[in-house]
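This is what each chain is made of:
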Amino acid sequence: MFLKALVSCAWLFNVLVSSASAFGLTESGNSYIVDTSAGLIFTVQKTTGDVTSMKFNGIETQDSGSKKSHISSGIGASCSWVRTGNNNNYIKITCKTSTLTQFYVARYNDPAIHMATYITAEPTIGELRFVARLSKTAVPNGYTDSEIVGGAAVEASDVFKLNGKTKSKFYSAKQFIDDKVHGVTGSGVGVYMIIPGTGYESNSGGPFMRDINNQGSKRLLFNSGHTQTESFRMGLHGPYALWFTSGSTPSSDIDTSFWETLSVTGLVPKASRGRVSGKSSGIASQYSSLQVVGFNNSAAQYWVRTDSSGNFVSPYMKPGTYTMTLYKSELAVSSKSVKVVAGSVTPLNIASQESSPSVIWQIGEFDGTPRGFLNAEHLTSFYPSDNRMKSWGPITFTVGNAISTFPMAIFKAVGSVTIKFTLTSSQVSSSKTLEIGTTLAFAGGRPQVTVNNWTGPAPSAPSQPNSRGVTRGTWRGNWYLQIGSITASSVLLTGTNTLSINVISGSSGVTYLSPNIVFDALRLY
């Protein structure tokens, strides 16, 4: 009986010891093994900077293949570590190359790998991205639109068809302004990427940029070149975190102030930052909840949504001079310069400068997006050839019909869009102005107009990102407004008129990879 009691006590003691794991780092051969004391134990390889194991409550979430979790495609870094911070409650692993420093931080009792990435040049191997290569066995539940296993290639290695539906890693993308947490789950475990606060400040593309989040792995893309509208930014990217839970989605509102105590290259503390506060005006009431104020310069970018009255306070920003931009939905309608001073709040209002002519007709809303047009609601999730998409044309549209029958995009190899409209005798007595707003173009595509028997001039090729857009689930590029004058007496007719818009380009391509344009809106006045 006494012996049984001793055995029971010993078993209980072992359970208590094993459940109360100690915070710390152990060196084993070529590995740093970090115990967060929160159920997460992760391993970093000393000579590469790769994360080779991530066990949460005993569940291995790292994929067992040859490729591990890392920045870019692996950087071959040399790593060191230190235990530091308040009461030594932080373990910082620093992995360096000549142009890149990757920081991994364990914070006592956080089930997370906190990270930041400092660069002085773009990586020579792969894009600037962190890829968590996760076990599909451990965390099988992710983005169904990006699940390509078993699919047949539709476009390069980007788009596949599976069970009659198109799938792509690009269909996991969310716009930066709304993408603070994304993750995958399994039985008893969830793995989430968190981009808190000003985590996007050194990224490129602005608030409405979207990029890959998932394809059998978790990704956080900083500089990718996908529909790139501005130059890449150097400096410190992040902080960001790979957070582990029992399955539930964590809050994006995590404390990052501890980074200021860790001697991290490129980190600007909160006390050395400034803010801008003000009020936007001149935006139509239907867009009151869709106002965004953005700030950007060559070193950083920030944004904030206004309240319904237009009031805003920016995030804490690095000191410097910025271009401050007011967006109506995604359309830039005003900009001005603002200087941000450390420790200060700069007051500055901003008013829309968008023109609002009295129109004869208008198709769509000028808001920087093709929303409302044919197939627009599916673009971010379906390839143009997906059988769930409606026919792209050629299409004939009569002014006054539902705009959901007007194509969001036209393709050189598919055909034009034709618009039928009616004018009165008084309306054809003077010249008219036609405006065509486009949000993105591919392969030098631009619209050329024919009205009745008159063909307008060929516009010059626009400056647009040198990458695919529509076929990768985005409409966001450089916004253009083409303005043309139509001489009424020789071109326009009393009664029915016919306007055709063709895509012209010196380039060619097959079907949806042919030169194309994405419409924002059109109007005649």
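My aim in this report is to walk through the structure given alongside it, one point at a time. Since the model is a prediction, treat every value here as computed from it, not as a measurement.

Overview of the packing of aromatic side chains
Turning to step 1, where the next piece is worked out: Tallied over the entire structure, the rule returns 18 aromatic pairs.
Turning to step 2, where the next piece is worked out: Relative to Y512, the ring of F411 has its centre 5.1 Å away and its plane inclined at 85°; by these criteria the two rings are edge-to-face. Of the two residues, F411 is situated in strand β31 (residues 409-411) and Y512 in the loop between β37 (495-504) and β38 (516-524); the sequence distance between them amounts to 101 residues.
Turning to step 3, where the next piece is worked out: Relative accessible area serves as the criterion here: at 16%, Y512 is assigned to the buried category.
Turning to step 4, where the next piece is worked out: Cluster of aromatic residues (ring-pair linked, three or more members): F373, F397, F406 and F519.

Things to note about the sheet that holds strand β14 (residues 165-168)
Two strands in a sheet stick together by hydrogen bonds in their backbones, pointing the same way (parallel) or opposite ways (antiparallel).
Turning to step 1, where the next piece is worked out: In spatial order, the strands read β12-β13-β14; together these three strands make up an open sheet with antiparallel pairing. Edge strands, defined here as strands with exactly one partner in the open sheet, are β12 (152-155) and β14. Taking the axes of each pair of neighbouring strands and ignoring which way they run, one obtains an average angle of 40° across the sheet.
Turning to step 2, where the next piece is worked out: By the bridge criterion, three bridges tie β12 to strand β13 (residues 159-162) in an arrangement that is antiparallel. Pairing of A152 across the sheet is with K161, part of β13.

Examining the pairing of strand β34 (residues 446-451)
Turning to step 1, where the next piece is worked out: The buried fraction of β34 is high, at five of six residues.
Turning to step 2, where the next piece is worked out: Note: β34 against β37, six bridges, orientation antiparallel. Pairing of R446 across the sheet is with I504, part of β37.
Turning to step 3, where the next piece is worked out: Where β34 and strand β35 (residues 454-455) come together, two bridges link them in antiparallel fashion. Within β35, the residue paired with T450 across the bridge is T455.

How each quantity is defined
The numbers attached to residues start from 1 for each chain and follow its sequence in the written order. Side-chain atom pairs in this predicted model are given and counted only at pLDDT of 80 or more, local residue features only at pLDDT of at least 70, and totals for whole chains, interfaces and linings cover all residues. Note: side-chain values were computed over all heavy atoms of the structure, leaving out hydrogens and water. Ring pairs shown here join Phe, Tyr and Trp side chains whose ring centres sit within 6.5 Å, with only the six-membered ring taken for Trp; geometry is labelled stacked below 30 degrees between planes, edge-to-face above 60, and tilted in between. The secondary structure listing takes helices from DSSP runs of H or I that are at least 4 residues long and strands from runs of E that are at least 2 residues long, numbered from the N terminus. Summary of the burial criterion: residues with accessible area below 20% of their type's maximum are buried, those above 50% are exposed, and those between are partly exposed, where the area comes from a 1.4 Å probe applied to protein chains only. If DSSP finds at least two bridges between two strands, the strands pair. Where helices are involved, their axes are fitted lines through C-alpha atoms of the stretch in contact, as for all axes, and angles between N-to-C directions lie from 0 to 180°.

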